[in-house]
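# Examination of the molecular architecture
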Amino acid sequence: MTRGLRIQAAMQARAFTKLSALAAAVGVTESAISRWCHDGQMTTNNVVSLCEILSISIDWLLLGSGPMQREGEGASTSHPEIGHMIERMKPHVREHLSRFLS
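For the structure given in this document, a descriptive report is provided here. Since the structure is predicted, the reported quantities are computational estimates derived from the model, not experimental observations.

Calculation notes
- Residues numbered from 1 in each chain as written.
- Predicted model: local features only at pLDDT ≥ 70, side-chain atom pairs only at ≥ 80, totals over all residues.
- Heavy atoms only, no water.
- Patch = residues over 30% accessible without salt bridge, like charges linked within 9 Å, V, L, I, M, F, W, Y side chains within 5 Å.
- Areas by Shrake-Rupley, 256 points an atom, 1.4 Å probe, with all protein chains shown as cover.
- Salt bridge = Lys/Arg side-chain N within 4 Å of Asp/Glu carboxyl O.
- Helix = DSSP H or I, 4+ residues; strand = E, 2+ residues; numbered from the N terminus.
- Buried < 20%, exposed > 50% of the residue type's maximum accessible area, 1.4 Å probe, protein only.
- Arc of directions from axis to C-beta.
- Contact = heavy atoms within 4.5 Å.
- Core = buried A, V, L, I, M, F, W, Y, C linked by side-chain atoms within 4.5 Å.

### A look at a nonpolar patch on the surface
The grouping of Val48, Ile58, Leu62 and Leu63 at the surface amounts to a nonpolar patch, some 340 Å² of accessible area in total. Element by element, the count of residues in the nonpolar patch is highest for helix H5 (residues 58-63), at 3 residues. Topologically, Val48 is positioned in helix H4 (residues 44-54). On the basis of relative accessible area, Val48 is assigned to the partly exposed category, the value being 32%.

### Focus: helix H3 (residues 30-37)
For H3, the set of buried residues is Ala32, Ile33, Trp36 and Cys37. End-on, the buried residues of H3 take up no more than an arc of 140°, which puts them together on one face. Check the buried side of H3 and you find it contacts helix H1 (3-13), helix H2 (19-26) and H4. Immediately downstream of H3, the backbone of Asp39 shows phi near 70°, a positive value.

### Overview of H1
The set of residues buried in H1 consists of Arg3, Gly4, Arg6, Ile7, Ala10 and Met11. Looking down the long axis of H1, one finds its buried residues gathered within 160° of arc, a one-sided arrangement. For H1, the secondary structure elements touched by its buried residues are H2, H3, H4 and H5. Phi turns positive, to about 65°, at Ala15, one or two residues after H1.

### With respect to the nonpolar core
The biggest cluster of nonpolar side chains holds 21 residues, and the ones touching the most others in it are Ile7, Met11, Leu22, Trp36, Leu50 and Leu54. At the level of elements, H1, H2, H3, H4 and H5 are the ones that each hand at least two residues to this core. It is H2 that contributes the most residues to this core, 5 residues altogether. Ignoring any residue separated from it by four or fewer positions in sequence, one finds Trp36 in contact with Arg3, Gly4, Ile7, Val26, Val28, Gln41, Met42, Asn46 and Leu50.

### Description of the environment of Pro67
Structurally, Pro67 can be placed in the loop between H5 and helix H6 (81-88). The sequence separation of Pro67 and Ser57 amounts to 10 residues, and the corresponding C-alpha distance is 7.2 Å.

Structure, rendered in C-alpha cells:
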C-alpha cells in the first residue's frame, strides 16, 4: 500500500469523507490533500499535523509499518464525529477554526 492509499484509508477510518474538511483541519488547501493522496511530496510539518489530526502513527503513514493507530491511543479515544462536524461547517467557519488550531 502506498503512502497516498494509507492517507485515504486513515481518512475513511476517521470519517473525513471530504478533502475540504481535512484540509481545513490541517491548514492546507484541498489540492495539497489531493496531492498527498496521490503520493505527492509532504513537508515534515504537514506529516506531523496530518498524523496528529488523524491520530495515526508516523511510522505507519511514511513506512507502512506497525499499526495505523498512534501508540497510546485506543479506538475509544478517536472521535470520527469531529470529521462530520467539520464537513458541515461553512467554509469561512472552517477557515477560522483552522487558524485557531494553528
